[in-house]
Amino acid sequence: MEFTKTKKPGIERHRKMEETEKGYKARLWKELCREWRIVTLIELGNKCCKCGFDDVRALQIDHIHGGGTKETSSMSTVAFYKKVIKEKGVNYQLLCANCNWIKRCENNETKGYLSKH
Ligand SMILES: [Zn+2]
């Protein structure tokens, strides 16, 4: 990375530099979260624990006992992944999108989501 070009003075230039740095940090954070997701998926077996589906694009971290959204929304993404790895097999498992929705339907966790359609 080369930052020497951005040393010219001027408000406009400074503003652009700030934006770039902000964007850079956001990108790093996104990258970090993406890596944590990969690590977490591998820790959880990297495939659906119900049917064995292993395309990571459709794999979802599932709270075994349901209703984990309230606690997870209050913590950072990385903290969430750390918690998942620590409690894998106890509180968290890996499900593909299909099995996840089937499980939600069976447990009535959809809250009218699907019944409307
Ligand atoms: Zn599945």
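In this convention, every chain numbers its residues from 1, walking through the sequence in written order. pLDDT decides what is reported in this predicted model: residues at 70 or higher carry local features, side-chain atom pairs at 80 or more are listed and counted, and totals for whole chains, interfaces and linings draw on all residues regardless.

Our next topic: the overall build of the chain. Helix and strand content of the chain: 4 helices and 2 strands. Residue burial in the chain is summarised as follows: out of 117 residues, 13% are buried. A run of H or I in DSSP counts as a helix once it spans at least four residues, and a run of E counts as a strand once it spans at least two, with each numbered from the N terminus. Remark: C-beta atoms are placed from the backbone, and a residue is labelled buried if 20 or more other C-beta atoms sit within 10 Å of its own, exposed if 12 or fewer do, or partly exposed between those counts.

So, on to the nonpolar core. Note on terminology: a nonpolar core is any set of buried Ala, Val, Leu, Ile, Met, Phe, Trp, Tyr and Cys residues joined through C-beta atoms within 7 Å. Judged by nonpolar contacts, L44, C48, L59, F80, Y81, V84, Y92, L94, L95, C96 and C99 together constitute the single largest core of 11 residues. Elements that contribute at least two residues to this core include exactly α3 (77-86) and β2 (92-96). Ranked by residue count, the leading element in this core is β2, at 4 residues. What counts as a contact is two residues whose backbone-derived C-beta atoms lie within 7 Å of each other. Each residue touching L95, except ones within four places of it in the same chain, is listed here: C48, C49, K50, Q60, D62, N100 and K103.

Mapped onto the elements of the fold, K30 is located in helix α1 (residues 11-43). A C-alpha to C-alpha distance of 9.9 Å links K30 and T77, two positions 47 residues apart in sequence.

The phi angle at N46 is positive, at roughly 60°, despite the residue not being glycine. Among the structural elements, N46 can be located in the loop between α1 and β1 (59-63).

Another point: α3. Taken together, the buried positions of α3 are occupied by F80, Y81 and V84. Projection of α3 onto a plane perpendicular to its axis shows the buried side chains occupying an angular sector of 95°, all on one side. Projecting away from the buried face of α3 at angles above 90 degrees are the exposed residues A79 and K86. In this description, one arc is meant: the one made by directions from the helix axis to the C-beta atoms.

As a further point, take the pairing of β2. With respect to burial, β2 is a largely interior element, 5 of its 5 residues being buried. Alternating positions in β2 separate into two faces, Y92, L94 and C96 on one and Q93 and L95 on the other, with burial throughout. At least two bridges found by DSSP between two strands is the condition for calling them paired. By the bridge criterion, 5 bridges tie β1 to β2 in an arrangement that is antiparallel. Bridging across to β2, I61 finds its partner in L94.

Of note, A97 is situated in helix α4 (residues 97-106). Once the C-alpha coordinates of A97 and R57 are considered, the two residues, 40 residues apart in sequence, prove to be 9.2 Å apart. If near-sequence neighbours (up to four positions away) are discounted, A97 is found in contact with A58 and Q60.

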